[in-house]
Amino acid sequence: MPLTKQTVTDKIEIVGPYNHIQVREAVQVLEDGQVISQSYHRYVVSPGETSTDPKVAAVISAVHTQDVIDAYQAHLAAQTP
């Protein structure tokens, strides 16, 4: 009965006017291929950021166009005094 651990990207959402990408990863402990424990980790990808996860990278390339990145950078610049 070997135990294994895996991390699976199980939810990707696009939110807000600048298409921030919210990612939920499920961290699973498996015994003989069956999930016996699971917890979640979340993070946000802002326009202009990258990801090594192929699923997230595909969404980034689709929704973080240069126009979106430029608008987000202008928004950030306007926020700093």
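Residues numbered from 1 in each chain as written. Predicted model: local features only at pLDDT ≥ 70, side-chain atom pairs only at ≥ 80, totals over all residues. Heavy atoms only, no water.

### Remarks on the overall build of the protein chain
Phase 1: Within the protein chain one finds two helices and three strands.
Phase 2: Mapped from its N terminus to its C terminus, the protein chain presents α and β elements in the order β-β-β-α-α.
Phase 3: Counting only residues that meet the buried cut, the protein chain has 26% of its 81 residues in that class.
Phase 4: Taking the contacts inside the protein chain whose residues are at least 6 apart along the sequence as the reference set, 39% of them involve residues at least 24 apart. (Helix = DSSP H or I, 4+ residues; strand = E, 2+ residues; numbered from the N terminus. Buried < 20%, exposed > 50% of the residue type's maximum accessible area, 1.4 Å probe, protein only. Contact = heavy atoms within 4.5 Å.)

### A short note on the nonpolar core
Phase 1: In terms of nonpolar packing, the biggest core is built from seven residues, these being Ile 21, Val 23, Val 45, Val 56, Val 59, Ile 60 and Val 63.
Phase 2: Elements with a minimum of two residues in this core: strand S2 (20-31) and helix H1 (54-63).
Phase 3: Ranked by the residues each element gives to this core, the list is headed by H1, at four residues.
Phase 4: Look past the residues within four positions of Ile 60 in its chain and what remains in contact with it is Ile 21, Val 45, Glu 49, Thr 50 and Ser 51. (Core = buried A, V, L, I, M, F, W, Y, C linked by side-chain atoms within 4.5 Å.)

### Things to note about the sheet that holds S2
Phase 1: The antiparallel open sheet is built from three strands, whose spatial order is S1-S2-S3. Since the sheet does not close on itself, it has two edges, and those belong to strand S1 (3-15) and strand S3 (34-45), each with one partner. In this sheet, adjacent strand axes meet at a mean angle of 20° when their direction is disregarded.
Phase 2: In this sheet, S3 lies alongside S2 in antiparallel orientation, the contact comprising eleven bridges. If you follow Val 29 over to S3, its bridge partner there is Ser 37.
Phase 3: On the sheet, H1 packs against S1, S2 and S3 and is oriented at approximately 15° with respect to S1. (Pairing = 2+ DSSP bridges. Axes fitted to C-alpha atoms, helices over the stretch in contact; angles between N-to-C directions.)

### Quick notes on the packing of aromatic side chains
Phase 1: Counted according to the given criterion, the structure contains one aromatic pair.
Phase 2: Between the NZ or CZ atom of Arg 24 and the centre of the ring of Tyr 40, over which it lies, the distance is 4.2 Å. (Phe/Tyr/Trp six-rings, centres within 6.5 Å; stacked < 30°, edge-to-face > 60°. Lys NZ or Arg CZ within 6 Å of the ring centre and 35° of its normal.)

### Describing the side chain of Ser 46
Phase 1: With respect to the element layout, Ser 46 can be found in the loop between S3 and H1.
Phase 2: Classification of Ser 46 by relative accessible area gives buried; the value is 13%.
Phase 3: One polar contact links Ser 46 to His 20, side chain to side chain, over a distance of 3.4 Å.
Phase 4: Beyond its immediate sequence surroundings of up to four residues, Ser 46 is in contact with His 20, His 64 and Tyr 72. (Polar contact = N/O pair within 3.5 Å; in protein donor to acceptor, adjacent residues only side chain to side chain.)

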